[in-house]
Amino acid sequence: MIEIRWHGRGGQGAVTSAELLALAAISEGKFAQAFPSFGPERRGAPVLVFNRVSPNSPIRARVSVAHPDIVIVLDPGLLYITDVTSGLKEDGILVLNTPKSLVEIRSELSGPWRLAVVNATSIAREMIGVPIVNTTMLGALARATRIVELDSLTEPILERFGARARGNVDACRKAYEETETGEPAGIVPKRPKIFEGEELPTWQELLPGCVLTKPGSARQYRTGDWRSERPVWDHQRCIKCGICYLFCPEGCVKQTKEGYFEADLYYCKGCGICARECWTEAIKMVEE
Ligand code: SF4
Ligand code: SF4
């Protein structure tokens, strides 16, 4: 039985990817599970989703996957805020969406597992028109692991996405062609960590950070970590009306001394509302 853990962000479609993978595996006569682990997440928050695929016997385990054979990371920013390799088996494989090359990634992530990389965000933008990489990463997964055949993914994608399916199928196929895979780096693995979700902190341990225990303590909760895009202001177009300031749901747009506006990137989640509401089109969202 192969166990898989997906790392994504709310809104990136990790749950859908896992379901499509399970459907593809089942269409090949295998047994498969797909299930998410949800907390109180909103769009942009890190989420976990799990698969199990067994070639010839029913799957009885119903618990989350702590020691995966395969880890898939949909958002490059997650590499820097969570230990995506936690529990990954030594002969496992890490499949990453990243604009970086295999050589660059290997210098950042040392471990005994195999690596596979693809610039899924760029492929999704080109083929689907939005940076939602779930179906694109299915192509990368098929290439790197052969857990299902590429053709087995087509039917589930067509059924799920209807009129929008073609771009998703094309993105999946392009990622399959462009995924770069490498052998193990042969570097001594990091000291294993306990997977975050498996051991919950007590309320006393949370005290300095994630809960409102005293005035201003929510400021320590760095929601800017969730961002995959950020707003950039064009002062030539800005007429200083302040609409972006009023509409930002995070309250993180600030006025500068010169009267222009900018986002506090410590808290900006990259939702893009400021860019949509700016009527002079002075704000553009750019990839992190
Ligand atoms: S909404 Fe646009 S024009 Fe108005 S202050 Fe913001 S950036 Fe400037
Ligand atoms: S993208 Fe704009 S509206 Fe959204 S959180 Fe950032 S500054 Fe606020």
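Up top is the structure these notes are about.
Residues numbered from 1 in each chain as written. Chains lettered and ligands numbered in written order. Predicted model: local features only at pLDDT ≥ 70, side-chain atom pairs only at ≥ 80, totals over all residues. Heavy atoms only, no water.

S.K.: For this particular structure, what's the right way to read the pairing of strand β3 (residues 46–54)?
M.R.: Put simply, side chains in a regular strand alternate between the two faces of the sheet. Most of β3 sits out of view: eight of its nine residues are buried. Across seven bridges, strand β2 (residues 31–37) lies against β3 in antiparallel orientation. Of the residues in β3, the one forming a bridge with Gln33 is Arg52. (Buried < 20%, exposed > 50% of the residue type's maximum accessible area, 1.4 Å probe, protein only. Helix = DSSP H or I, 4+ residues; strand = E, 2+ residues; numbered from the N terminus. Pairing = 2+ DSSP bridges.)

S.K.: Explain the site of ligand 1 to me, please; I cannot follow it from the model alone.
M.R.: By nearness alone, 13 residues border ligand 1, and Cys238, Cys241, Gly242, Cys244 and Cys278 come closest of all. When grouped by side-chain class, the residues that make up the shell around ligand 1 number ten nonpolar, two polar and one charged. (Near = heavy atom within 4 Å. Nonpolar A, V, L, I, M, F, W, Y, C, P; charged D, E, K, R; others polar.)

S.K.: When you look at the side chain of Thr136 in this model, what are you seeing that I'm missing?
M.R.: Inspection of the secondary structure puts Thr136 in helix α4 (residues 134–145). According to the relative accessible area criterion, Thr136 is buried, its value standing at 0%. Apart from residues no more than four positions distant in its own chain, Thr136 is found in contact with Ala120, Ile123, Ala124, Ile128, Ala171, Cys172 and Ala175. (Contact = heavy atoms within 4.5 Å.)

S.K.: Honestly, the sheet that holds strand β5 (residues 93–97) in this entry has me stumped. Any pointers?
M.R.: What holds strands together in a sheet is hydrogen bonding between their backbones, with the strands either parallel or antiparallel. The strand order β2-β3-β1-β4-β5-β6-β7 describes an open sheet built from seven strands, whose pairing is mixed. Every interior strand has two partners, whereas the edge strands, β2 and β7 (180–182), have only one. Across the sheet, the axes of successive neighbouring strands diverge by a mean angle of 15 degrees, strand direction being ignored. Two elements, strand β4 (residues 70–73) and β5, share four bridges in a ladder whose sense is parallel. Looking at β5, one finds that Val73 is bridged to Leu96. Sheet contacts for α4: β1 (2–9), β4, β5, β6 (114–118) and β7; angle to β5, the most-contacted strand, approximately 150 degrees. (Axes fitted to C-alpha atoms, helices over the stretch in contact; angles between N-to-C directions.)

S.K.: What is the right way to read the layout of surface pockets from this model?
M.R.: Its boundaries defined by the atoms lining it, the second largest pocket holds a volume of some 1000 Å³. Forming the boundary of the second largest pocket are 45 residues, of which Asp75, Trp226, Arg227, Ser228 and Glu229 lie nearest the centre. Taken together, the elements giving at least two residues each to the lining of the second largest pocket come down to α3 (120–127), α9 (273–277) and β11 (283–287). Within the lining of the second largest pocket, the residues separate by chemical class into 17 nonpolar, 13 polar and 15 charged. Composition of the lining of the second largest pocket by domain shows at least three residues from each of domain 1 (2–189) and domain 2 (206–287). (1 Å grid on protein atoms, 1.4 Å probe; cavity = no way out; pocket = protein on both sides within 12 Å on 5 of 7 lines; lining within 4 Å. Points joined across faces, edges and corners; volume = space filled by probe spheres on them. Domains from an automatic or database assignment.)

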